[in-house]
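Here are the chains, one letter per residue:
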Amino acid sequence: MEPLLSPLIPSLPDDVAVDIVARVPRSHYPTLSLVSKSFRKLIASSKLLYKRRSQLGITQHRLYALLRNLNTGDFSLYILHRKLNDGYNRLVRVRSLPFISSRARGSCCVPVGSEVYVFNDISALSFDCTSHKVRCIPDITQRMSYRQVSALGKKVYVIGDAYCHYVDEENRWSQMWQKAVSVFDTETQSWEPTLVKEDLSVGLGPFWCDSVVVEDKICLKGYVNGGDSFVYGPEERTWEAMDEVLNSEEWEGACVVDGVLYYHDPSEKVLRAYDPKQGCWSVVNGLEEFLAVETAQSKWCDAVSYGPNKLALFFPKKQYGERMICCAEVALERSRGGEIWGKVEWCHIVIGDGLFNMVKVVAVTV
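The shown structure was predicted, so the numbers you read here are calculated from the model rather than taken from an experiment. (Residues numbered from 1 in each chain as written. Predicted model: local features only at pLDDT ≥ 70, side-chain atom pairs only at ≥ 80, totals over all residues. Heavy atoms only, no water.)

Student: So, the overall build of the chain: which residues are in play, and what are the values?
Tutor: Within the chain, the regular secondary structure consists of 6 helices and 25 strands. By residue count, 48% of the 366 residues in the chain fall in the buried class. Across the chain, contacts joining residues at least 24 apart in sequence account for 49% of those joining residues at least 6 apart. Working note: accessible area of the chain is about 18,600 Å², and carbon and sulfur atoms make up 49% of it. (Helix = DSSP H or I, 4+ residues; strand = E, 2+ residues; numbered from the N terminus. Buried < 20%, exposed > 50% of the residue type's maximum accessible area, 1.4 Å probe, protein only. Contact = heavy atoms within 4.5 Å. Areas by Shrake-Rupley, 256 points an atom, 1.4 Å probe, with all protein chains shown as cover.)

In structure tokens, the structure reads:
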């Protein structure tokens, strides 16, 4: 191991000091870096600490949000920071990630391991959450519109509308919009051949409002009254209509925690849950009053899995005439009777200047 400038702690070997710092929660690193130059150098050696944390089996969940600036139209990646002094959490822009141009419409991101992969219409990149370093990845081989991006294992699945050419019955060269799947292997850093669903042609337009992975299959929710909702099986490369019960609710901004799908119902102001093993919907108990008050003016609410038995809810709110984005951390628990209960751990305004729209929020384990 490369020696530090000076001993972090007198009489302690550097590897022991690394072992100690690796056990400290990452939220304390900004304060710890003020102790000395040696601590700052060690904390800056993120790969070293990440490796030791992995060896010790110590992991933490970090939230990243892709926001769109309403003035410029540009996209930026933000990280949720916990401020130790006042206890409030805030979304802070990741400076090492360049702005994504407003020309890159349809930007979307997905976590794979400790990295976040960001795709848009003109480029693709990966963002290492252990070091906050960015690298470009090969452009997607098939241009698509109205895409949904999901991850299973070490692969990223980009599913959307592709403009395809074919020969019709009269032997004429024609064009039409069809559903296509492009797969990016994060281990080989390469794209697999694009798969086109030849018997599933559509007119260009909004098709899916959301997608989640349930039981190793990608569920794609249709926009209008549950129409055109499908389930894609990556292993078998099969398409099938979505289960009627799962499709019966107009879920959007959903997430999956411990195999159960959760989404915020904006009309009823409740958190709904779908358990595929039981094949039914239920309402998460204990959150009714909180959601009725806090999300009263919210037309959208994005949920993200935040570790075992926990999720985070992001939603807009107006305060003193200003538009803000709030975040609430919710702990989940199943009772002996099978009911799911939720408890709000904290709820803070995480960005408050009213200039941003939420595009996507993801949780990364580091």
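Student: Summarise a negative patch on the surface; cite the residues concerned and give the values.
Tutor: Taken together, the side chains of Glu215, Asp216, Glu235, Glu236 and Glu240 define an acidic patch exposed on the protein surface. Assignment of secondary structure puts Glu235 in the loop between strand S15 (230-233) and strand S16 (238-241). The exposure class of Glu235 is exposed, given its relative accessible area of 74%. (Patch = residues over 30% accessible without salt bridge, like charges linked within 9 Å, V, L, I, M, F, W, Y side chains within 5 Å. Salt bridge = Lys/Arg side-chain N within 4 Å of Asp/Glu carboxyl O. Lys, Arg positive; Asp, Glu negative; His and termini not counted. Charge placed at Lys NZ, Arg CZ, Asp CG, Glu CD.)

Student: Which residues make up the side chain of Arg62, and what values do they have?
Tutor: Relative to the helices and strands, Arg62 resides in strand S1 (residues 61-69). For the buried Arg62, no salt bridge exists, and the shortest N-O distance to an oppositely charged side chain is 8.4 Å, to Asp128.

Student: Got a sec to walk through the packing of aromatic side chains? Specific residues and values, please.
Tutor: Tallying each qualifying case throughout the model produces 9 aromatic pairs. Centroid distance Tyr78 to Phe356: 5.6 Å. Interplanar angle 70°. Geometry classified as edge-to-face. Taken as a pair, Tyr78 in strand S2 (residues 75-82) and Phe356 in strand S25 (residues 356-365) lie far apart in primary sequence, 278 residues in all. Given a relative accessible area of 9%, Phe356 falls into the buried group. With a centroid separation of 5.2 Å and 55° between ring planes, the pair formed by Tyr232 and Trp239 is classed as tilted. Taken together, the ring pairs connect Tyr117, Phe119, Phe184 and Trp191 into an aromatic cluster. (Phe/Tyr/Trp six-rings, centres within 6.5 Å; stacked < 30°, edge-to-face > 60°.)

Student: Mind laying out the sheet that holds S16, listing which residues take part and the relevant values?
Tutor: Either a parallel or an antiparallel arrangement is found when strands of a sheet pair, and the pairing is made through backbone hydrogen bonds. Pairing is antiparallel across the open sheet formed by 4 strands, whose spatial order is S13-S14-S15-S16. On the outer flanks of this sheet lie strand S13 (208-214) and S16, each paired with one strand and no other. Direction aside, the axes of adjacent strands within the sheet are offset by 20° on average. Across 3 bridges, the pairing between strand S14 (residues 217-222) and S15 is antiparallel. From the neighbouring strand, Leu220 faces S15, where its bridge partner is Phe230. (Pairing = 2+ DSSP bridges. Axes fitted to C-alpha atoms, helices over the stretch in contact; angles between N-to-C directions.)

Student: Describe the state of the cysteines, and please don't skip the residues or the numbers.
Tutor: A full pass over the atoms with the stated rule returns 0 disulfides. Considering cysteine sulfurs only, Cys327 is the nearest to Cys301, which forms no disulfide, with 9.3 Å between them. The buried category is assigned to Cys301, whose relative accessible area is 4%. Between Cys326, a free cysteine, and Cys347, which holds the nearest cysteine sulfur, the sulfur-to-sulfur gap is 5.3 Å. For Cys326, a relative accessible area of 3% puts it in the buried group. (Disulfide = S-S within 2.5 Å.)

Student: Residue-level account of the sheet that holds strand S4 (residues 108-112), with values.
Tutor: One open sheet holds the 4 strands; their spatial order is S4-S5-S6-S7, and the pairing between them is antiparallel. The open sheet has two edge strands with one neighbour each: S4 and strand S7 (133-136). Ignoring which end each strand starts from, the neighbouring axes of this sheet average 25° apart. Sheet analysis places S4 next to strand S5 (residues 115-119), joined by 5 bridges and oriented antiparallel. When the sheet's bridge partners are listed, Pro111 is paired in S5 with Val116.

Student: I'd love a proper account of the pairing of strand S22 (residues 310-319), names of residues and values included.
Tutor: Across 4 bridges, the pairing between strand S21 (residues 302-305) and S22 is antiparallel. Counted as the bridge partner of Asp302 is Phe314 from S22. Counted along the chain from S21 to the antiparallel partner S22, the turn is 4 residues long, and its residue Gly307 has a positive phi close to 105°. The antiparallel hairpin formed by S22 and strand S23 (residues 322-334) contains 2 residues in its connecting segment, where Tyr320 sits at a positive phi of about 55°.

Student: How would you sum up the nonpolar core? Please name residues and give values.
Tutor: Judged by nonpolar contacts, the single largest core of 20 residues is most densely connected at Tyr262, Leu271, Val284, Leu311, Leu313, Leu332 and Ile340. Listed by contribution, the elements that provide at least two residues to this core are strand S17 (255-257), strand S18 (260-265), strand S19 (270-275), helix H6 (288-294), S22 and S23. Sorting elements by how many residues they give to this core places S23 first, with 4 residues. Leaving out residues up to four positions away in the same chain, Leu271 has contacts with Tyr262, Tyr263, His264, Ser282, Val283, Val284, Leu287, Leu291, Leu311 and Leu313. (Core = buried A, V, L, I, M, F, W, Y, C linked by side-chain atoms within 4.5 Å.)

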